[in-house]
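Take a look at the letters that make up each chain.
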Amino acid sequence: MLILTCPYCGVRCDETELAPGGEAHLKRFGPGSSDEEFEDYLFMRANPNGVHFERWRHVYGCGKWFHAARNTVTLEVYGTYSAQVHAPPQEIRDAVSNRVPGWHWKDES
Amino acid sequence: MPESVTPLDGATCSGFVTIKDAGLAGMILLRADLGDTDVVSALQGAGFDLPDPAELVGELGNGALWMSPDELMILCAHDEAEAIVATLAEALSELHVLVANVSDARAVFRLSGNGSAVREVLAKLSPADLRQAALPPGRVRRTRLAQVPAAFWFASDDEAVLICFRSVAGYVLELLLKVATPGSEVGHF
Ligand SMILES: [Zn+2]
């Protein structure tokens, strides 16, 4: 059972109160993009064993979308954060790094 | 105009808690930027204070429920709702807001009896944390009851108020009755 804290209302939500929104921080490729980019955007998704970033919607509550950082193997939740960002904020990256030494966000080396 | 009736038409049922139709209640939905001082003063002008996140001020019939970062449900008398909607709409006419009378789109229940028993009835149906410390009187929890959305709060230690959509009022009444069947007490709280 997954429990995520909605960053907007502070409620500790059971998974069944939430609607899953799939992988987080995707960049949209629309008109003008190449076929490969568009195909990637539409169909290609990360499915990691480990640290993962997802979108969730607090559908049985405030109705807002938010982001969650969690581990798909241990089900550990590193944190939840605003939907209005393009990448995980520093405190979330730190929370993951503290627990998973050597982990880094994809645009960091 | 036809007379307003509640979907449960005054039903009262007893299990190990008492489940009662709360009667006609005024409910006004306000969607607005709750951090905007103009919104707060318009609310106060209509006689309502802004609740803190996930809380309520006042009570059924006179109060306000925090529903989301940009949504309140104003509680008033059923026959005053239209006038309050008009007052708020007028006061907020310059802003990007939505004010709607949803009184007849919702059903309201009162669950009363032993406080721990009331908590148990809700906990059987919802994933919410029903412990006293997590949901003391004055805090509102929006969640699901079995398969439908609902919101509830404790008006006192021994009474909870529950709101659901009107269309599922019969379903919710049957759910509550089922889990309040005498003999099915778990005694968790
Ligand atoms: Zn929420």
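This structure is a prediction, so every number in the text was calculated from the model and none was measured.

J.: Which residues make up a nonpolar patch on the surface, and what are the values?
T.: Together, A:Phe38, A:Leu42, A:Phe43 and A:Met44 make up an exposed nonpolar region whose accessible area comes to about 420 Å². Tracing the backbone through its elements, the reader meets A:Phe38 in helix 1 (residues 35-43).

J.: I'd like to hear about the domain arrangement of chain B, residue by residue, with values.
T.: Residues and elements named next belong to chain B. Domains assigned within chain B are domain 1 (12-23 + 105-179) and domain 2 (26-104). The centre of domain 1, based on its C-alpha atoms, is set 23 Å off from the matching centre of domain 2. Listed per partner, the contact involves 13 residues of domain 1 and 16 residues of domain 2. It is Arg-106, Val-140 and Arg-142 in domain 1 that bury the most area against domain 2; as a group they hold 39% of the surface buried on that side. The interface formed by domain 1 and domain 2 holds 1 salt bridge in total. Counting every contact that joins domain 1 to domain 2 gives 6 residue pairs in polar contact (both at pLDDT 80 or more).

J.: Can you lay out the confidence of the model for chain B for me, pointing to particular residues and giving the numbers?
T.: Summary statistics for chain B give a mean pLDDT of 95 and a share of 99% for residues scoring 70 or more. Under the prediction, the complex receives an ipTM of 0.90, its pTM being 0.93.

J.: Quick rundown of the coordination of the zinc ion? Include the residues and the values.
T.: Protein-derived coordination of the zinc ion comes from A:Cys6 (SG), A:Cys9 (SG), A:His58 (ND1) and A:Cys62 (SG), at a distance range of 2.0 to 2.3 Å. Around the zinc ion sit 4 donor atoms, and with donor-metal-donor angles ranging over 100 to 117° the site reads as tetrahedral.

J.: How would you summarise the pattern of salt bridges if you had to cite specific residues and measurements?
T.: Any two side chains of opposite charge can pair, given that their charged atoms come close. Taken as a whole and judged by the stated rule, the model has 9 salt bridges over all chains. A salt bridge links A:Glu76 to A:Arg99; the shortest N-O distance between them is 2.6 Å. One end of the pair, A:Glu76, is in the loop between strand 5 (65-71) and strand 6 (77-82); the other, A:Arg99, is in helix 2 (residues 90-99), with 23 residues separating them in the sequence. When its relative accessible area of 24% is taken as the criterion, A:Glu76 is described as partly exposed. Assessed through its relative accessible area of 53%, A:Arg99 is described here as exposed. Ionic pairing is found between B:Asp129 and B:Arg131, a salt bridge with its closest N-O pair at 2.6 Å. For B:Asp129, a relative accessible area of 27% gives the class partly exposed.

J.: So, the interface of chain B and chain A: which residues are in play, and what are the values?
T.: Every contact between the two is made by 15 residues of chain B and, on the other side, 11 residues of chain A. Counting across the chain B and chain A interface gives 2 salt bridges. Here A:Glu17 ties to B:Arg141 by a salt bridge, and the two come within 2.6 Å at their closest N and O atoms. The tally of links from chain B across to chain A stands at 7 residue pairs in polar contact (both at pLDDT 80 or more). Listed by contribution, the elements that provide at least two residues to the side of chain B that touches chain A are strand 5 (62-68), strand 9 (140-145) and strand 10 (148-156) of chain B. Looking at which element gives the most residues to the side of chain B that touches chain A, the answer is strand 9 of chain B, with 4 residues. Among the residues making up the side of chain B that touches chain A, the classes are represented as 7 nonpolar, 3 polar and 5 charged.

J.: Can you lay out helix 2 (residues 81-91) of chain B for me, pointing to particular residues and giving the numbers?
T.: Residue and element names in this part refer to chain B. Among the residues of helix 2, those classed as buried are Ala-81, Ile-84, Val-85 and Leu-88. For helix 2, the angular spread of buried residues about the axis comes to 105°, placing them on one side. Exposed residues lying more than 90 degrees from the buried face of helix 2 are Glu-82 and Glu-90. Against the buried residues of helix 2 lie strand 3 (26-31), helix 1 (37-45), strand 6 (71-76) and strand 7 (98-101).

J.: Explain the sheet that holds strand 6 of chain B residue by residue, including any values.
T.: Residues and elements named next belong to chain B. Spatially, 5 strands are ordered 4-5-6-3-7 in an open sheet, and the strand pairing comes out antiparallel. Looking at the sheet topology across the chains shown, the edges are occupied by strand 4 (56-59) and strand 7. Averaged over all neighbouring strand pairs, the angle between strand axes comes to 20°, with direction disregarded. Note that strand 5 and strand 6 share 5 bridges and pair antiparallel. Residue pairing across strands places Leu-65 opposite Met-73, the latter belonging to strand 6. Running at roughly 170° to strand 7, helix 2 makes contact with strand 3, strand 6 and strand 7 of the sheet.

Conventions we followed
- For every chain, the first residue of the written sequence is number 1, and numbering continues from 1 along that sequence.
- Both sets of labels track the order of writing: A upward for chains, 1 upward for ligands.
- Predicted model: local features are reported for residues with pLDDT of at least 70 only, side-chain atom pairs are reported and counted for 80 or more only, and whole-chain, interface and lining totals are derived from all residues.
- Where side-chain values are given, they derive from all heavy atoms of the structure, hydrogens and water being excluded.
- Patches in this entry comprise residues that are over 30% relatively accessible and not in a salt bridge; like charges within 9 Å are linked, as are nonpolar side chains (Val, Leu, Ile, Met, Phe, Trp, Tyr) within 5 Å.
- Each accessible area is a Shrake-Rupley estimate made with a 1.4 Å probe; only the visible protein chains count as cover when residues are assessed.
- By salt bridge we mean one thing: a side-chain nitrogen of Lys or Arg within 4 Å of a carboxyl oxygen of Asp or Glu.
- Strands here mean DSSP runs of E at least two residues long; helices mean DSSP runs of H or I at least four residues long; both are numbered from the N terminus.
- In this entry, domain limits derive from an automatic or database-based domain assignment.
- In this analysis, two residues are considered to be in contact whenever any of their non-hydrogen atoms come within 4.5 Å of each other.
- Buried area: the sum, over both parts, of the accessible surface (1.4 Å probe) that disappears when the two are put together.
- In protein, a polar contact means a hydrogen-donor-capable atom and an acceptor-capable atom, both N or O and within 3.5 Å, with residues adjacent in sequence counting only if both atoms are side-chain atoms; elsewhere, any N or O pair within 3.5 Å suffices.
- Every residue carries a pLDDT, the predictor's confidence in it, which falls somewhere between 0 and 100.
- For Na, K and Ca the donor cut-off is 3.2 Å, while for other metals it is 2.8 Å, and in both cases only N, O and S atoms qualify; water is not among them, so sites may look incomplete.
- Any coordination sphere not matching a tetrahedral pattern (four donors, all angles between 85 and 135 degrees) or a square planar or octahedral pattern (four or six donors, opposite donors over 155 degrees apart, other angles between 65 and 115) is reported as irregular.
- Throughout, exposure labels follow a simple rule: accessible area from a 1.4 Å probe, protein chains only, divided by the maximum for the residue type, with under 20% read as buried, over 50% as exposed, and the rest as partly exposed.
- All residues other than Ala, Val, Leu, Ile, Met, Phe, Trp, Tyr, Cys, Pro, Asp, Glu, Lys and Arg, Gly among them, are scored as polar; the first ten of these are nonpolar and the last four charged.
- Summarising the geometry, the arc corresponds to the directions from the helix axis toward the C-beta atoms.
- For two strands to be treated as a pair, DSSP must find no fewer than two bridges joining them.
- Here, axes are lines fitted to C-alpha atoms. For helices the fit covers the stretch in contact, and angles between N-to-C directions go from 0 to 180 degrees.

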